[in-house]
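What the coordinates show
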Amino acid sequence: MGNIHWKQYFDKKAEVHGASVKSSDYFNEESFFMQRANTLRWLGSCEGKVILDAGCGVGAFSEPLVEQNTVYGVDFSEKSLEYAAARGLKTLNGDLTALPFEEGMFDVVVCNGVIQLIEQYEDVLRELARVTKPGGTLLVETLNRNSIQRKLLRLLEKDKKFDRMYEMEELRGVFVKYGFEQIEFLNMYHPFKFVTEGSGQGMGANRFSTSFAIKGRKRS
Ligand SMILES: C[S@@+](CC[C@H](N)C(=O)[O-])C[C@H]1O[C@@H](n2cnc3c(N)ncnc32)[C@H](O)[C@@H]1O
């Protein structure tokens, strides 16, 4: 699907499901809240930071950050942004391939469950890197292309719910290219509840995790 179709798709989801995490296409609420808790714990404590939630949808992922930080949310689904604003995000309608922000504006940039929808993902990562301040953190979460479960699911799935998947090493390469260091991975193994953390070198995480998050620190 192209970008315009995803925009319509998520507008429709928000129209039908409102502020619910169903609007963001999560498998169910339990898996969303588990993923959010693990990812935010792994991100580390955030207080008094300026944060960007890129592809924020209805804002459910970064809602816990709103109280102690200034959280901006960008998405091209206007309908979703109404709910994100109600959750306290400062919302802007825009496409992630060209962000309406100055260079180095954010201490932390999170992009959760989005790049699997975007063929031109390198444009998006370049933009996310540009708006991350030197010394700041970029965290991107997406689907693991090397996962055995995903390969099996692909054979059974009738409706394709995303455009592409990623290898951990592929994203590490892009992070390095755009000036990030101290790169780490968080691996998730849906439907199981456990996660693993590390440098991304282990075979198990690469083959068996259904999704992963990668984070890095932008060189000062
Ligand atoms: C699966 S949802 C994830 C929402 C949120 N990050 C979360 O984890 O709950 C993907 C979101 O990315 C947005 N999106 C996809 N491609 C985009 C693009 N090129 N520019 C802006 N938003 C985009 C969609 O509108 C949708 O709200």
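- The name that an unreviewed UniProt entry assigns to the protein chain is Class I SAM-dependent methyltransferase, with the source organism given as Paenibacillus hodogayensis.

1. Comments concerning the nonpolar core
- Ala54, Val109 and Leu128 are the most contacted members of the largest nonpolar core, which has 51 residues in total.
- When neighbours within four sequence positions are excluded, alanine 54 is seen to be in contact with Val74, Leu96, Val109, Val110, Cys111, Val114 and Leu128.

2. Side note on the site of the ligand
- The immediate surroundings of the ligand are formed by 22 residues, with Phe10, Ser24, Gly55, Gly57 and Ser77 found nearest.
- Sorting elements by how many residues they give to the shell around the ligand places helix H1 (residues 3-17) first, with three residues.
- Here the shell around the ligand is built from residues that sort into 10 nonpolar, nine polar and three charged.

3. Some words on the UniProt feature "domain: Methyltransferase type" (unreviewed entry) in the protein chain
- Mapped onto the present numbering, the UniProt feature "domain: Methyltransferase type" (unreviewed entry) falls on residues 52-139.
- Here residues 52-139 runs as 23% helix and 32% strand, with 10 Å between its end C-alpha atoms.

4. Considerations on the pairing of strand S8 (residues 211-218)
- Taken across its eight residues, S8 has seven buried, putting it largely inside the fold.
- As paired elements, strand S5 (residues 132-143) and S8 share seven bridges and run antiparallel to each other. When the bridges of S8 are listed, threonine 137 appears paired with arginine 217.

5. Some words on unusual backbone geometry
- For the peptide bond that leads from histidine 190 to proline 191, omega is 5 degrees, which places it in the cis range.
- Note that proline 191 resides in the loop between strand S6 (180-188) and strand S7 (195-198).
- Residues other than glycine seldom take positive phi values, yet aspartate 25 does so here, at roughly 70 degrees.
- Residue position: aspartate 25 is located in the loop between H1 and helix H2 (29-43).
- Although it is not a glycine, glutamine 182 adopts a positive phi angle of roughly 50 degrees.
- Classification of glutamine 182 by C-beta neighbours within 10 Å gives exposed; the count is 12.

Each value, and the rule that gives it
Residues numbered from 1 in each chain as written. Predicted model: local features only at pLDDT ≥ 70, side-chain atom pairs only at ≥ 80, totals over all residues. Core = buried A, V, L, I, M, F, W, Y, C linked by C-beta atoms within 7 Å. Buried ≥ 20, exposed ≤ 12 C-beta atoms within 10 Å, placed from the backbone. Contact = placed C-beta atoms within 7 Å. Near = placed C-beta within 6 Å. Helix = DSSP H or I, 4+ residues; strand = E, 2+ residues; numbered from the N terminus. Nonpolar A, V, L, I, M, F, W, Y, C, P; charged D, E, K, R; others polar. UniProt positions renumbered as here; feature names shortened; annotations may be inferred. Pairing = 2+ DSSP bridges.

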